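# Tertiary structure, described
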There are 2 protein chains.
Amino acid sequence: MISSARLADICGINPAQVRKDLTYFGIVGVRGVGYFVKELLFETRKIFGLDREWRLGLVGVGNLGWAILRHAQFMSHGYTFVVAFDGKPNRIGTRIGGIEVAPLEAMNSVVKEKGVEIGVIAMKPEFAQEVADMLVSAGVCGILNYAPFQIQCPAHVFVESVDFNLKLDILRYRLTSARSRGRRIRSRPL
Amino acid sequence: MISSARLADICGINPAQVRKDLTYFGIVGVRGVGYFVKELLFETRKIFGLDREWRLGLVGVGNLGWAILRHAQFMSHGYTFVVAFDGKPNRIGTRIGGIEVAPLEAMNSVVKEKGVEIGVIAMKPEFAQEVADMLVSAGVCGILNYAPFQIQCPAHVFVESVDFNLKLDILRYRLTSARSRGRRIRSRPL
């Protein structure tokens, strides 16, 4: 068994929040003891859809796309890339780690044929919206966007963004404001 | 000039929020017209610390670290990698895109010598906490963590995480719950 205190500790949040969140999904622990680990794993896997493989399609096989495909963690976690798309003629028809690179124009048919559920965009920002539109037209309802551009999609499509620069900008902002606070304090007259 | 409505449109938020946020930083527009673009750029660059280069140190030069270093966007945005660290003897002393790979044990002195301000962790999750501790000991106050592990740092250190799997898990959860809602609706008796 595992206590909500231990779970909270692992997640860096408070135990009350852990209990509240699990209760929301109908998972109730034993008072003063905790949760059955086996039940917890079974239920959370079901909630997150971890009980089956998800089929991903990569759009853009430049440096970033290449790294994403090679990033082994993706594979070990219930995700499988079934196809990649690119616009550059010299990349079409090649294979990257066993994954076929198809032309962008074939997206509509290939997405259906291969059963792509989540599209991963690793294109330059100026093409992000265009390929997002193509993915949505092809029937994809989940998009993981690596391009530093805020794409717009219909309400039934879920979009998550991974923006390196944004994260760095947040850090930079925090460091800058922490330092200017420090300076302000130090420059106060004694 | 640019209106708060136009800015809001670009950012995908509402105009009142744009005005509120800018006012927070002392940036006030012309009523009914908008903001002077030149002033807005100058002030926001200062706020985000974009008015100077920031020195990054990479920890881990596996596939992911390699991709991060090669990802040209980093460079064009006011960030410069000045050093990389790795634990594997065969990688030490090599250069990746002009960046020297130093041993982990040298972190303390190299961070000071090269003036590293932000550490970028691209290690396996089991080593993330250890290298985070090393970065903090060496005096780094900003960490961008790519490892799928929630690192713990002292309060004066700012941590941002880029977790691919987490983003995919969020998408998967949303798609799963949207589908089960759909199924529930369809299976209702007429």
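Everything here concerns the structure above.
A short tour of the structure in this document, coming up. None of these values were measured; they are calculated from a predicted model.

The subject of this paragraph is helix H6 (residues 125-137) of chain B. All names here are of chain B. Taking 1.5 Å per residue, 13 residues should reach 18 Å; H6 reaches 19 Å between its end C-alpha atoms and fits that length. The complete set of buried residues in H6 reads Ala-128, Val-131, Ala-132, Leu-135 and Val-136. For H6, the arc enclosing every buried residue in end-on projection is 140 degrees, short of the 170-degree limit, so these residues lie on one face. What points out from H6, more than 90 degrees from its buried face, is the exposed set Glu-126, Glu-130 and Ser-137. Contacts from the buried residues of H6 go to strand E1 (54-59), helix H5 (107-114), strand E5 (118-121) and strand E6 (142-145). Gly-139 sits one or two positions beyond H6 and adopts a positive phi of about 105 degrees.

Quick look at the packing of aromatic side chains now. For the coordinates displayed, the defined rule picks out four aromatic pairs over all chains. Pairing Tyr24(A) with Phe25(A) gives two aromatic rings, centres 4.9 Å apart and planes at 90 degrees, and the pair type is edge-to-face. Among the residues examined, Phe25(A) registers a relative accessible area of 35% and is labelled partly exposed. Arranged with centres 5.9 Å apart and planes meeting at 85 degrees, the rings of Phe25(A) and Tyr173(B) form a pair that is edge-to-face. Residue Phe25(A) is found in the loop between helix H2 (15-24) and helix H3 (37-47), and its partner Tyr173(B) is found in helix H7 (residues 164-186); the two belong to separate chains. Connected via pairs of aromatic rings, a cluster forms that spans Tyr24(A), Phe25(A) and Tyr173(B). For Arg52(A), the ring lying beneath its charged end belongs to Trp54(A), and the centroid distance is 4.0 Å.

Residues and elements named next belong to chain A. The grouping of Met-1, Val-30, Val-33 and Phe-36 at the surface amounts to a nonpolar patch, some 370 Å² of accessible area in total. In this fold, Val-30 is placed in the loop between H2 and H3. Under the relative-accessibility criterion, Val-30 is labelled partly exposed at 37%.

Its volume calculated, the largest pocket comes out at about 1,800 Å³. Along the walls of the largest pocket sit 40 residues, with Gln150(A), Leu166(A), Asp169(A), Cys11(B) and Phe48(B) positioned nearest its centre. If you list the elements that add at least two residues to the lining of the largest pocket, you get strand E7 (158-161) and helix H7 (164-186) of chain A together with helix H1 (4-11), helix H2 (15-24) and helix H3 (37-47) of chain B. The residue makeup of the lining of the largest pocket, split by class, is 24 nonpolar, ten polar and six charged. Approximately 1,500 Å³ is the volume attributed to the second largest pocket. Lining the second largest pocket are 39 residues, with Cys11(A), Phe48(A), Gln150(B), Leu166(B) and Asp169(B) sitting closest to its centre. If one sorts the elements of the lining of the second largest pocket by residue count, H7(B) sits on top with six residues. Split by residue class, the lining of the second largest pocket holds 22 nonpolar, nine polar and eight charged.

The rules behind the values
Position labels on residues start from 1 in each chain and follow its written sequence. Written order determines the labels here, with chains lettered from A and ligands numbered from 1. At least 70 in pLDDT is required for a residue's local features to be given in this predicted model, at least 80 for side-chain atom pairs to be given and counted, and no such filter applies to totals for whole chains, interfaces and linings, which use all residues. Side-chain numbers here rest on the full set of heavy atoms in the structure, without hydrogens or water. Strands are runs of DSSP state E lasting at least 2 residues, helices are runs of H or I lasting at least 4, and numbering of each runs from the N terminus. Given the number of residues in a helix, its expected span is that number minus one, multiplied by 1.5 Å. Exposure classes here rest on a 1.4 Å probe applied to the protein chains alone. A residue is buried below 20% of its type maximum, exposed above 50%, and partly exposed in between. Arc definition: it is the arc formed by the directions from the helix axis to the C-beta atoms. Residue contacts are counted whenever heavy atoms from the two residues lie within 4.5 Å of one another. Two aromatic rings from Phe, Tyr or Trp, using only the six-membered ring of Trp, form a pair when their centres are within 6.5 Å; if the ring planes differ by under 30 degrees the pair is stacked, by over 60 it is edge-to-face, and anything between is tilted. Ring-over charges, as used throughout, are those where CZ of Arg or NZ of Lys falls within 6 Å of the ring centre and within 35 degrees of the ring normal. What makes a patch is a set of residues exposed beyond 30% relative accessible area and free of salt bridges, joined within 9 Å when like-charged and within 5 Å when nonpolar (Val, Leu, Ile, Met, Phe, Trp, Tyr). Reported accessibility uses the Shrake-Rupley method at a 1.4 Å probe radius. Residues are deemed covered only where the shown protein chains occlude them. The salt bridge criterion pairs a side-chain nitrogen of Lys or Arg with a carboxyl oxygen of Asp or Glu, the two atoms within 4 Å. A cavity, in this analysis, means grid points on a 1 Å lattice covering only the protein atoms where a 1.4 Å probe fits yet has no way out; a pocket is instead an open set bounded by protein on both sides within 12 Å along at least five of seven lines, and a residue lines either one if it has an atom within 4 Å of a point. Grid points are joined across faces, edges and corners, and a volume is the space filled by probe spheres set on the points. Classification convention: Asp, Glu, Lys, Arg as charged; Ala, Val, Leu, Ile, Met, Phe, Trp, Tyr, Cys, Pro as nonpolar; all other residues, Gly among them, as polar.

Worth remembering: the numbers are spatial, not functional.
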